[in-house]
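# Structural features, examined
Chain by chain, the residues run as shown.
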Amino acid sequence: MDSKLEDLLRQSPALWRGRDISSSKQGISSGYPELDRILPNRGWPRNSIIEIMVPQNGLGELQLLLPVMSSLSRLKNGLVWIEPPFLPYAPALEAAQIDLSHLLVIRLQSDGRQTRIGDILWTAEKALRTPGCGMALLWVNNIKDKMVRRLQVAAESGQSIGILFRPVAEQTSPAALRLVLKPAGRMLQINIVKARGACHQQSVEIDFSII
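Residues numbered from 1 in each chain as written. Predicted model: local features only at pLDDT ≥ 70, side-chain atom pairs only at ≥ 80, totals over all residues. Heavy atoms only, no water.

### Brief notes about the environment of Ile117
Our working rule: Working definition: helices are DSSP H or I runs of at least four residues, strands are E runs of at least two. Numbering for both runs from the N terminus. Only protein chains enter the accessibility calculation, which uses a 1.4 Å probe; a residue whose area is less than 20% of its type maximum is buried, one above 50% is exposed, and one in between is partly exposed. Between two residues, a contact is recorded if the distance between any of their heavy atoms is within 4.5 Å.
Looking at the secondary structure, you find Ile117 in helix H5 (residues 117-129). The class of Ile117 is partly exposed, set by a relative accessible area of 28%. As a C-alpha pair, Ile117 and Asn142 span 25 residues in sequence and 8.5 Å in three-dimensional space. If we ignore the near neighbours within four places in the chain, the residues touching Ile117 are Val140, Asn141, Asn142, Ile143 and Met147.

### Notes on the confidence of the model for the protein chain
Stated formally: The pLDDT score gives, residue by residue, the confidence of the prediction method on a 0 to 100 scale.
The pLDDT averaged across the protein chain works out to 84; a share of 82% of its residues lies at or above 70. Low pLDDT, under 50, characterises residues 8-24; the stretch is placed with ten contacts to residues that sit more than four places away or in other chains.

### Details of the nonpolar core
Stated formally: Remark: nonpolar core denotes a set of buried residues (Ala, Val, Leu, Ile, Met, Phe, Trp, Tyr, Cys) joined through side-chain atoms within 4.5 Å.
If you look at the biggest cluster of nonpolar residues, it comprises 38 residues, and the most contacted ones within it are Leu35, Trp44, Leu64 and Leu137. Take this core: its biggest share by element is seven residues, from helix H3 (residues 61-74). Excluding residues that lie within four positions of it along the chain, Leu137 makes contacts with Leu62, Leu65, Met69, Val80, Trp81, Ile82, Ile163 and Phe165.

### Here we look at the pairing of strand S2 (residues 78-82)
Note the threshold: Two strands qualify as a pair provided that DSSP identifies no fewer than 2 bridges between them.
The element S2 is extensively covered by neighbouring structure, given that five of its five residues are classed as buried. Summarising the sheet, S2 and strand S4 (residues 133-139) pair through five bridges and their orientation is parallel. The residue of S4 that forms the bridge with Leu79 is Met135. Relative to strand S3 (residues 103-106), S2 runs parallel, the two sharing four bridges. What sits directly across from Leu79, in S3, is Leu103.

### Considerations on unusual backbone geometry
The phi angle at Lys76 is positive, at roughly 70°, despite the residue not being glycine. Note that Lys76 resides in the loop between H3 and S2. Take Lys76: its relative accessible area is 54%, and that puts it in the exposed class. A positive phi angle is found at Glu83, which is not glycine, with a value near 55°. Inspection of the secondary structure assignment puts Glu83 in the loop between S2 and helix H4 (90-95).

### Some remarks on the side chain of Ser70
Let me state the cut-off plainly: Any N or O atom pair separated by 3.5 Å or less is treated as a polar contact, with the protein-specific requirement of one donor-capable and one acceptor-capable atom, and with residues adjacent in sequence counted only for side-chain atom pairs.
Relative to the helices and strands, Ser70 is located in helix H3. Given the relative accessible area of 4%, Ser70 is considered buried. At 2.9 Å, the side chain of Ser70 forms a polar contact with the backbone oxygen of Gln97. The residues touching Ser70, leaving out its near neighbours within four places in the chain, are Ala96, Gln97 and Ile98.

In structure tokens, the structure reads:
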């Protein structure tokens, strides 16, 4: 490659080249070696938005995140849950070695009124930008691509990870990583439908009963 062109490319921080994959920053281990092996950076991408799509709540999506939440809380990083569809079960979180003093649950509903999506996203954006926030989890439907991009910018700014739970029907998104979870007997099937730095779909099955 011409040296002048190479110099010009180096001066463009927004430019991404495929050969940069191998030298990109190591991800944060998911706690599941079989999953780490198929993730592009051998773990959850840092400073990114991750989408987890499930046909219904309670398939094991939170259990999938327990190891990384435990790691983050041990490092004194905050864990923010925004509009979870259920009350967190404290004994299970403590059993997973999650420091509850670093867990914040935010419920925005009041007076029986439906929470506006804008309020949820504003709260998530502020959480992701807050120093010391390791991970923000939010449950929201019908989110537009431009909103996901705003969350991505916030995650990069705050050096945090955003977990966005969405219905499986949602087809497109600018998120760095997108997973679809499906029950497979006693196993949980994890399908990677999009991953920055990956060129094809991959899947793995995890048996939570032996962990």
